[in-house]
Amino acid sequence: MLRKKNKTLGEFIIENQSSFQYSSGELSKLINAIRLAAKVVNHEVNKAGLVDVLGAAGDTNIQGEDQQKLDVLANEKFIQTLKNREIVCGIASEEEDDFISINSNDEQHQNKYVVLIDPLDGSSNIDVNVSVGTIFSIYRRVTPVGTPVTLEDFLQPGNQQVAAGYVVYGTSTMLVYTTGDGVNGFTLNPAIGTFYLSHPNMQFPEKGKIYSVNEGNYVHFHRGVKDYIKYCQQEEDDRPYTSRYIGSLVSDFHRNMIKGGIYMYPKSSVTQSGKLRLLYECNPMAFIAEQANGLAIGGKSRIMDIQPTELHQRVPFFCGSRKMVEKLQEFLEKYH
Ligand code: AHG
Ligand code: MN
Ligand code: MN
């Protein structure tokens, strides 16, 4: 049952507009467009078993990964919605080889934001009815408004993000985002298609008891990570911790933020840079984590301070409850 006092996402956006730095209403409109796209994708994800959208699309993306039909569909829906609303000057997506410049020939075009998206995160879970998600990250362009966007507008360190968020298509659908003033979560009431503020001011517990990592890759991990995993499994103090790994970053992160935990996708002897993408996955999740009193590192240093060098760059990623990430860092530092 919805409590009467629950605000809708629409109301929340309007109320908070004036607190954004450089507020002109443009960012509010952009978040509104993302809200709409999220509802459209939610609709597609929910009926996935009924229509012909399960399975592989028969193509690979630029990173050599098989594209699922729903990957392609979610990508189209987000790009279409953002394009139609003429609310951004550029989009970069995990599923597109290159960034997309919008209305670059229109001298009147004054939009100043670029959006980076992972339209469907957790593709391997689509066909088996397990939670998937969408991740987005928003920056102010660095090149002059009214000119075509360039790669430079997208290769900004995460600490320049204006907003970031994710949608988790789970047992219920939630949109969680930050504009740099804490993290708020909104749950979709599917009957009326409205997001309600259900999780105000979300915070990682300082310490948790969950560790999330693909342990099948253990043999390939470096010493520091291996030792930390052993530490998690030791019977001492409040350990052993519980192991939970869904394989959808969004869902693993969401659970850990609520319950307390650490997520790890390390580099290994077979994947020198790990797997997760700095611009579409790590930076937005890192921004949310830090805004929720958690930490996100790429090894020794903060994820959001990495200067990106390419659009589809991968980096090792560790994030979650502050004390757990700090403990892991001690292990990593022993061997570097
Ligand atoms: P995507 O579906 O966008 O390619 O991302 C999948 C990512 C991430 O969501 C997840 O945590 C990780 O890949 C799982 O990888 P493994 O199967 O290697 O554990
Ligand atoms: Mn992903
Ligand atoms: Mn994806």
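Please read all numbers here as calculations on a predicted model, not as lab measurements.

Each donor-metal-donor angle would ideally measure 109.5 degrees in four-coordinate tetrahedral geometry, or 90 or 180 degrees in six-coordinate octahedral geometry. The coordination sphere of the manganese ion (ligand 3), as far as protein atoms go, consists of Glu94 (OE), Asp118 (OD) and Leu120 (O), spread over 2.2 to 2.5 Å. Sequence spacing of the donors to the manganese ion (ligand 3): E-x23-D-x1-L.

Attention now goes to helix α3 (residues 69–84). With 16 residues, α3 ought to run about 22 Å at 1.5 Å a step, and its terminal C-alpha atoms sit 22 Å apart, in line with that. Turning to α3, its buried residues are Leu70, Asp71, Leu73, Ala74, Asn75, Phe78, Ile79, Thr81 and Leu82. Backbone geometry just after α3 places Glu86 at a positive phi near 45°.

In the numbering used here, UniProt assigns the feature "binding site: Mg(2+) 1" (unreviewed entry) to Glu94, Asp118 and Leu120. Despite a sequence span of 27 residues, these residues sit close together in the fold, their greatest C-alpha distance being 9.0 Å. Filtering the just-named annotated residues for those lining the largest pocket gives Glu94, Asp118 and Leu120. Locating Asp118 in the fold gives a position in strand β5 (residues 113–121). On the accessibility criterion, Asp118 (1% relative accessible area) is buried. Among residues more than four places away in sequence, those in contact with Asp118 are Glu94, Gly133, Thr134, Ile135, Tyr280 and Glu281. With respect to the helices, strands and loops of the structure, Leu120 is situated in strand β5.

Next up on the list: the pairing of strand β3 (residues 90–93). Alternating residues of β3 divide into Gly90 and Ala92 and Ile91 and Ser93, and every residue in both groups is buried. What sits between β3 and strand β4 (residues 100–101) in their antiparallel hairpin is a turn of six residues.

Within the protein, the atoms that donate to the manganese ion (ligand 2) are Asp118 (OD), Asp121 (OD) and Glu281 (OE), at distances of 1.8 to 2.2 Å. We note that the donor set of the manganese ion (ligand 2) lies within a single chain, spaced as D-x2-D-x159-E. Separating the manganese ion (ligand 2) from the manganese ion (ligand 3) is a gap of 3.7 Å, which Asp118 spans by donating to each of them. Accessibility expressed as a relative area gives 4% for Asp121, which makes it buried.

Let's shift gears to helix α5 (residues 223–233). Along α5, the positions that sit buried rather than exposed are Gly224, Val225, Tyr228, Ile229, Tyr231 and Cys232. Around the axis of α5, the buried residues are gathered within 155° of arc, so they sit on the same side. Summarising the contacts, the buried residues of α5 are in contact with β11 (210–212), β13 (261–265), β15 (317–321) and α8 (322–334).

With that out of the way, let us pick up the site of ligand 1. Among the 17 residues in the neighbourhood of ligand 1, the closest are listed as Asp121, Ser123, Tyr245, Tyr263 and Tyr265. Measuring from an oxygen atom of ligand 1, one finds a backbone N or O atom of Ser123 at 2.8 Å. Contact distances for ligand 1 include 2.5 Å between an oxygen atom and a side-chain N or O atom of Tyr265. Notes on ligand 1: free accessible area 470 Å², of which the protein chains cover 86%. Applying the majority rule of atoms within 2 Å of the grid points places ligand 1 in the largest pocket. Of all the secondary-structure elements, those providing two or more residues to the shell around ligand 1 are β5 and β13. Element by element, the count of residues in the shell around ligand 1 is highest for β5, at three residues.

Attention now goes to the pattern of salt bridges. On inspection of all chains with the given rule, the structure shows 13 salt bridges. Note that Lys47 is salt-bridged to Glu44, the shortest N-O span being 3.7 Å.

Across the sheet, eight strands lie side by side as β4-β3-β5-β6-β7-β8-β9-β10; this open sheet has mixed pairing. In this open sheet, the two strands that pair with only one neighbour each are β4 and β10 (194–199). In this structure, β5 lies alongside strand β6 (residues 132–140), joined through seven bridges in antiparallel fashion. Its bridge partner lying in β6, Asp121 is registered against Gly133. Packing against the sheet, α3 makes contact with β3, β4, β5, β6 and β7 (163–169), and its axis sits at approximately 155° to β5. Set on the sheet, helix α7 (residues 278–291) makes contact with β3, β5, β6, β7, β8 (173–178) and β9 (183–189); between it and β6 the angle comes to about 85°.

On to the packing of aromatic side chains, then. Applying the stated criterion across every chain yields a total of 11 aromatic pairs. Ring centres of Tyr228 and Phe331 lie 5.8 Å apart, and the angle between their planes is 65°; on these two criteria the pair is classed as edge-to-face. Note that Tyr228 is positioned in helix α5 and Phe331 in helix α8, a separation of 103 residues in sequence. Neither residue differs from the other here; Tyr228 and Phe331 are each classed as buried. Ring geometry for Tyr245 versus Tyr263: centroids 6.2 Å apart, planes at 25°, classification stacked. Here the residue Tyr245 occupies a position in the loop between β12 (242–243) and α6 (249–259), and Tyr263 occupies one in strand β13, the gap between them amounting to 18 residues. The buried category is assigned to Tyr263, whose relative accessible area is 3%.

Thresholds applied
Residues numbered from 1 in each chain as written. Chains lettered and ligands numbered in written order. Predicted model: local features only at pLDDT ≥ 70, side-chain atom pairs only at ≥ 80, totals over all residues. Heavy atoms only, no water. Donors = N, O, S within 2.8 Å, 3.2 Å for Na, K, Ca; no water. Helix = DSSP H or I, 4+ residues; strand = E, 2+ residues; numbered from the N terminus. Expected span 1.5 Å × (residues − 1). Buried < 20%, exposed > 50% of the residue type's maximum accessible area, 1.4 Å probe, protein only. UniProt positions renumbered as here; feature names shortened; annotations may be inferred. 1 Å grid on protein atoms, 1.4 Å probe; cavity = no way out; pocket = protein on both sides within 12 Å on 5 of 7 lines; lining within 4 Å. Contact = heavy atoms within 4.5 Å. Pairing = 2+ DSSP bridges. Arc of directions from axis to C-beta. Near = heavy atom within 4 Å. Polar contact = N/O pair within 3.5 Å; in protein donor to acceptor, adjacent residues only side chain to side chain. Areas by Shrake-Rupley, 256 points an atom, 1.4 Å probe, with all protein chains shown as cover. Sits in = over half its atoms within 2 Å of the grid points. Salt bridge = Lys/Arg side-chain N within 4 Å of Asp/Glu carboxyl O. Axes fitted to C-alpha atoms, helices over the stretch in contact; angles between N-to-C directions. Phe/Tyr/Trp six-rings, centres within 6.5 Å; stacked < 30°, edge-to-face > 60°.

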